[in-house]
Amino acid sequence: MGQKVNPVGFRLGINKDWKSRWYVDPREYAKTLHEDLALRKRILEMPDTKGADISEVEVVRHPQKVTIIIHTARPGVLIGQKGANIEKIGMTLQKMVVKKVSIKIKEVKKVETNAQVVAMSVCRQLETRGSFRRAMKNAVSNAMKGGAQGCKVRMSGRLGGADMSRTEQYKEGRTPLHTLRADIDYGFAEASTTFGQIGVKVWIYQGMLYKAEKNDDAGMLVRRDRGDDRHDRRDSRRGGDDRDARRGSGPRSDHGPRVENREGRS
């Protein structure tokens, strides 16, 4: 029908977690949220972070400090020589926040199966005038080689310098977007070319996650449903046995078949 939903937001609280983790007074909520958005935007736009392949920025707020966790595929570029780069980033972010800022860096282990990094890699190839079809096929094949069970890449814009914009996609394997327990990683990036902006979306399916059954909310519901089904099946079996007994169609005795006399016939 055309309505689309972000796969990460769709699974929040099931097998995905929030990128901002804090609790404030309702009157301070809007201000804090916009502060988070400004921090993320500043980190991605800084010249010191270019080429670091930042896939995600988490913000965790404590009573006395703000912890910013940066997930990057190239931590060496972000840290810089003897940590000079990360210090400069910390000083820039400190001016935007009242509390003390603490920066942590997490390395992305599997680059080929991280959807955001893959989307940025495809955009780089488009900006250097590479073939969009080759870029899509390489991204999908590398993801499948890296252990993904399915991958889909879709791009929209003036592909190849065409006069009219269009949408092309390439996929391998399966990407069950309607299955909530499916671990779908989603990434979006834009390539600035001489012909205009080209948007790139990447979905990577990494298998089913059943750990959510251990949670108090989703897990109890799942277990309770399964138990109810079991009880219903047992009750139906018992009811069937009772009906059979009443009908007289149960197992026959060892004395032979029943004999009925009707009008002298045996």
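For the structure itself, consult the block above.
The following refers to the structure shown. The structure displayed is predicted, hence computed values, not measured ones. (Residues numbered from 1 in each chain as written. Predicted model: local features only at pLDDT ≥ 70, side-chain atom pairs only at ≥ 80, totals over all residues. Heavy atoms only, no water.)

A closer look at the environment of Q206
The criterion, for reference: Secondary structure elements follow DSSP: runs of H or I no shorter than four residues count as helices, runs of E no shorter than two count as strands, and numbering proceeds from the N terminus. Each residue is placed in one exposure class: buried if its accessible area under a 1.4 Å probe, protein chains only, is under 20% of its type's maximum, exposed if it is over 50%, and partly exposed if it falls in between. We call two residues in contact whenever any of their non-hydrogen atoms come within 4.5 Å of each other. Under this definition, polar contacts are N or O atom pairs within 3.5 Å; protein pairs additionally need one hydrogen-donor-capable and one acceptor-capable atom, and for neighbouring residues in sequence, both atoms have to be side-chain atoms.
Note on placement: Q206 falls in strand β8 (residues 196-208). On the basis of relative accessible area, Q206 is assigned to the partly exposed category, the value being 35%. Residues Q206 and C151, spaced 55 residues apart in sequence, show a C-alpha to C-alpha distance of 8.9 Å. With near-sequence residues (within four places) excluded, Q206 lies in contact with T113, Q149 and D183. For Q206, the side chain forms a polar contact with the main-chain oxygen of T113, separated by 2.8 Å.

Let's talk about helix α5 (residues 115-127)
The test is simple: Given the number of residues in a helix, its expected span is that number minus one, multiplied by 1.5 Å.
If you check α5, its first and last C-alpha atoms are 18 Å apart, about what 13 residues at 1.5 Å a residue would give, namely 18 Å. Those residues of α5 that fall on the buried side of the exposure criterion are A115, Q116, V117, V118, A119, M120, V122, C123 and L126. Where α5 is buried, its residues touch β2 (54-61), α6 (132-145), β5 (150-157), β7 (182-193) and β8. Where α5 terminates, the next one or two residues include R129, which has phi positive at roughly 60°.

Points about the pairing of β2
The criterion, for reference: Strands are labelled as partners when DSSP assigns at least two bridges between them. When the strands point away from the viewer, a crossover counts as right-handed if the route from the first strand across the helix to the second turns clockwise.
Of all 8 residues that make up β2, 7 are buried, and the element is covered over most of its length. By the bridge criterion, 2 bridges tie strand β1 (residues 20-21) to β2 in an arrangement that is parallel. When the bridges of β2 are listed, R21 appears paired with V60. Note that the unit made of β1, helix α2 (residues 29-45) and β2 has a crossover that is left-handed. As defined by bridge partners, β2 adjoins strand β3 (residues 65-72) across 7 bridges and the pair is classed as antiparallel. Counted as the bridge partner of V59 is I68 from β3. Two successive antiparallel strands, β2 and β3, enclose a turn made up of 3 residues.

Thoughts on the sheet that holds β8
Strand pairing in a sheet is mediated by backbone hydrogen bonds. Such pairs are either parallel or antiparallel. For the record, the criterion: Under this scheme, a helix contributes an axis fitted over its contacting stretch, all axes are lines through C-alpha atoms, and angles between N-to-C directions fall in the 0 to 180 degree range.
Judged by pairing direction, the sheet is antiparallel, and its 4 strands sit side by side in the order β6-β5-β8-β7 without closing on themselves. Strands with a single pairing partner mark the edges of an open sheet, and in this sheet they are β6 (166-173) and β7. On average, each strand axis in the sheet is inclined to that of its neighbour by 10°, with strand direction left out of account. Both β7 and β8 contribute to a ladder of 11 bridges, which runs antiparallel. In the sheet register, A182 faces β8, and the bridge partner there is M208.

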